[in-house]
Amino acid sequence: MSVVDRQEWDVVVVGAGGAGLRAAIEARERGARTAVICKSLFGKAHTVMAEGGIAAAMANANEHDNWKVHFRDTMRGGKFLNQWRMAELHAQEAPQRVWELETWGALFDRTKDGRISQRNFGGHEYPRLAHVGDRTGLELIRTLQQKIVSLQQEDKKETGDYESRLKVYQECTVTRILKDGSRVSGVFAYERETGRFFVLEAPSVVIATGGIGKSFKVTSNSWEYTGDGHALALLAGAPLLNMEFVQFHPTGMVWPPSVKGILVTESVRGDGGVLRNSEGKRFMFDYVPDVFKEKYAESEEEGDRWYEDPDNNRRPPELLPRDEVARAINAEVKAGRGSPHGGVFLDVSTRMPAEVIKRRLPSMYHQFKELADVDITAEPMEVGPTCHYVMGGIAVDSDTAAARGVPGLFAAGEVAGGMHGSNRLGGNSLSDLLVFGRRAGWHAAEHAAAQAFERPGVSDPQIDSAAAEALRPFSAEGPAGSVDAGRPPENPYTLHQELQQAMNDLVGIIRREAEMEQALEKLAELRVRAHRAGVEGHRQFNPGWHLALDLRNMLLVSECVARAALERTESRGGHTREDHPEMDRRWRNVNLLCRLADPTGGLAATDPERGQIDLVRETTEPVRQDLLALFEKEELVKYLAEEELYQ
Ligand code: FAD
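Residues numbered from 1 in each chain as written. Predicted model: local features only at pLDDT ≥ 70, side-chain atom pairs only at ≥ 80, totals over all residues.

S.K.: Is there a simple way to explain the overall build of the protein chain in this structure?
M.R.: In terms of helices and strands, the protein chain carries 18 helices and 20 strands. For the protein chain, whose C-alpha radius of gyration is 24 Å, the value lies close to the compact-globule estimate of 26 Å for 647 residues. Counting only C-alpha atoms and orienting by the principal axes, one finds that the protein chain spans roughly 75 × 60 × 60 Å. Going through the 647 residues of the protein chain one by one, you find that 55% of them count as buried. For the protein chain, the share of sequence-separated contacts (at least 6 apart) that also reach a separation of at least 24 residues comes to 74%. (Helix = DSSP H or I, 4+ residues; strand = E, 2+ residues; numbered from the N terminus. Rg over C-alpha atoms; globule rule 2.2 N^0.38 Å. Buried ≥ 20, exposed ≤ 12 C-beta atoms within 10 Å, placed from the backbone. Contact = placed C-beta atoms within 7 Å.)

And the structure:
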């Protein structure tokens, strides 16, 4: 039996990005003793990288904006597959969450009359993104971190201990959610520096681990995005929703190779940047789909006038939702009209004076200067699609953020599914983190309080089994008599590269049936080999070991993406099928749920035929009538399934 340190909390939050920190603040303020655990240093989560801003209908830049317009834009962006109640709560509560951040010390950019400045972004009818230059995520995390420290100072005054009610365990990775029967009872984790195992016991666990981008070769995502939370939920018995929807951001860097995939913020287009092909043509005018035709400019002149006079002109098509722009760029490159390094040109140099570019887009200016030796005030950037965000995620209750079917498990932020439907609008993630981070913390605290007299327990065999699983890479050859006996260990880095290549090439931006079948075969092969992923050395800071453990998660999540993408025979948002290029209204009310094939939480790792994931179809809940009434009937006809229209 392993001897591991155990500590008791009311709520454990896994992840210290925007969603995790907002959840932790809420839980602690509602009286729950709360622990936060994160893979990286406190204050360094992926949220820090967010650039453009937080979407909230505060109406500072255009008085016509309100939550109903924001709701409509979000549903259109998600092609009506959004969990509509989440989209409603999000649009209603986002402004409050931004003002609250300001009272906690966030310093947003200002309008001339001193209000929070709001900028344009793709798919948003009005300027709606509250921002801090192009470093909004950094300010958001700084503010939440400061709030946590101030709560700890209050606790010190009252109890003599800063960490008595709110403690951060940084550079620690959770590998299993622990359960007592069906109820959550805590998490099993290791400290990255020492390799020491420990258990945090709690009746409520909030998963806020972000996305899955590191399963793809070209991505804007940070090293932390290995789909851990998605996999932890699956292994604990919760389903994942609509995992086929992966957002490929249209503008990542394409050159030099070492920085391929790094994000070029949408603010560049929001502030006036235009896309051109190798012939100098603003090609986006050729790619406005029917559903958006009435909302976008037909000529360059009209598009340009919109920046000054948005009430009397339509917006330029460079500001279509991301899925549309990414597909258009892909098509231009494929047609031989790309830039020298396989992207297209994004130009601000001819659109704004140099000093305005440097002031409004300081990070982009430095990013291109330092990484590509390109001066964006004088020449265009080269850009192309990059894997950016996952819309699919843990299936949650819209109001409480409770994960479906596992009492005590909650999820918020990028790891949770539903809010963004088939495609997320830029800026809607940071607001999502705040709105649903708060809701997750609130309901996790309430759930914990309700369990106070009957706390779920953690058994020793569970801890032993989690420890054995984590130690497996040190004895990858397997004991005599086991299936792996005598076979050489596999290098986790090689496995990871092969996985990324397969997902990029076979389940990427444009999908085909035969390629996805091929991807599933490759994933099955990798799964068997990953069972023998082996590492040398010891448990003290050993990145190879960490990657070997992350592989389990990336393989699980990749299988979900590939299986769901194969099943959905239409194109919608972040899921484009070359063999089924149209959006099909019959799929509007279909959700695809992924569950672990073995409900006991075991992994069918050595059986390539079986796969690890079962897929089921579920009918979506009909959109509430008063929300449908916010749209014109002619528009609804384009989206809703036949039977929904009759209702
Ligand atoms: P994160 O901020 O990623 O936090 C995840 C946390 O989970 C981290 O602390 C990590 O260490 C921890 N973690 C992960 N696995 C484990 C584990 N196993 N054990 C313990 N801890 C774990 N969105 C917008 O709305 N506006 C923008 O302008 C914008 N710009 C972006 C720019 C870039 C370059 C990128 C990549 C994304 C951008 N996004 C933007 C998207 C947005 O930043 C993310 O969707 C959002 O920050 C996710 O926040 P989160 O709290 O869900 O997760």
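S.K.: Please explain the nonpolar core as it appears in this structure.
M.R.: The nonpolar side chains of a soluble globular protein tend to be buried, and buried together. In this structure, Val206 and Ala411 are the most contacted members of the largest nonpolar core, which totals 182 residues. The element contributing the most residues to this core is helix 15 (residues 543-567), with 15 residues. Not counting residues up to four positions away in its chain, the partners in contact with Ala411 are Ile207, Gly229, Ala233, Gly393, Ile394, Val396, Ala401, Ala403, Ala416 and Ala440. (Core = buried A, V, L, I, M, F, W, Y, C linked by C-beta atoms within 7 Å.)

S.K.: Explain the UniProt feature "domain: FAD-dependent oxidoreductase 2 FAD-binding" (unreviewed entry) in the protein chain here, please?
M.R.: Taken from the UniProt record, the annotation "domain: FAD-dependent oxidoreductase 2 FAD-binding" (unreviewed entry) applies to residues 10-430. Summarising residues 10-430: 29% helix, 18% strand, and an end-to-end C-alpha distance of 26 Å. (UniProt positions renumbered as here; feature names shortened; annotations may be inferred.)

S.K.: Mind showing me how you'd approach helix 10 (residues 362-372) here?
M.R.: Spacing of three or four residues puts side chains on the same side of an α-helix, whose turn is 3.6 residues. Every buried residue of helix 10 is accounted for by Met364, Tyr365, Gln367 and Phe368. Seen along its axis, helix 10 keeps its buried residues to an arc of 165°; they face one direction. Opposite the buried face of helix 10, by more than 90 degrees, sit the exposed residues His366 and Glu370. Buried-residue contacts for helix 10 involve helix 6 (267-270), helix 9 (354-360) and strand 16 (381-390). Following helix 10 by one or two positions, Asp373 has its phi on the positive side, about 55°. (Arc of directions from axis to C-beta.)

S.K.: Where do I start with the site of the ligand in this structure?
M.R.: Taken together, 41 residues lie near the ligand, and Gly15, Gly17, His46, Gly210 and Gly413 sit nearest. Taken together, the elements giving at least two residues each to the shell around the ligand come down to helix 1 (18-29), helix 4 (136-159), strand 8 (172-180) and helix 11 (428-450). Here the shell around the ligand takes four residues from helix 11, the largest share from any one element. (Near = placed C-beta within 6 Å.)

S.K.: What should I look at first to understand the UniProt feature "coiled-coil region" (unreviewed entry) in the protein chain in this one?
M.R.: UniProt's feature table lists "coiled-coil region" (unreviewed entry) at residues 509-536, given in the numbering used throughout. The span residues 509-536 shows a helical share of 64% and a strand share of 0%, and its end C-alpha atoms are spaced 37 Å apart.

S.K.: Hey, could you run me through the sheet that holds strand 4 (residues 54-55) in this one?
M.R.: Strands belonging to one sheet form pairs held by backbone hydrogen bonds; the direction of such a pair is parallel or antiparallel. Spatial ordering of the open sheet is given by 4-6-5, a layout of three strands whose pairing is antiparallel. Edge positions in the sheet fall to strand 4 and strand 5 (118-119), since each has one partner strand and no second. When strand 5 meets strand 6 (residues 129-130), the two strands line up antiparallel, connected through two bridges. Counterpart to Gln118 in the pairing with strand 6 is Ala130. (Pairing = 2+ DSSP bridges.)

S.K.: I tried to follow the packing of helix 1 against helix 11 on my own but got confused; where do I start?
M.R.: Helices that pack against each other are described as a pair by the angle of their axes relative to one another and the distance between those axes. Packing of helix 1 against helix 11 leaves a shortest axis separation of 7 Å and a crossing angle of 35°. For the pair helix 1 and helix 11, the sense of crossing is right-handed. Listed contacts from helix 11 to Gly18, Ala19, Gly20, Arg22, Ala23, Ala24, Ile25, Glu26 and Ala27 of helix 1 are Leu430, Leu433, Leu434, Phe436, Gly437, Arg438, Ala440, Gly441, Trp442, Ala444 and Ala445. Class assignment for the residues of the contact of helix 1 with helix 11 results in 13 nonpolar, four polar and three charged. (Axes fitted to C-alpha atoms, helices over the stretch in contact; angles between N-to-C directions. Left-handed = near helix turned anticlockwise from the far one by under 90°. Nonpolar A, V, L, I, M, F, W, Y, C, P; charged D, E, K, R; others polar.)

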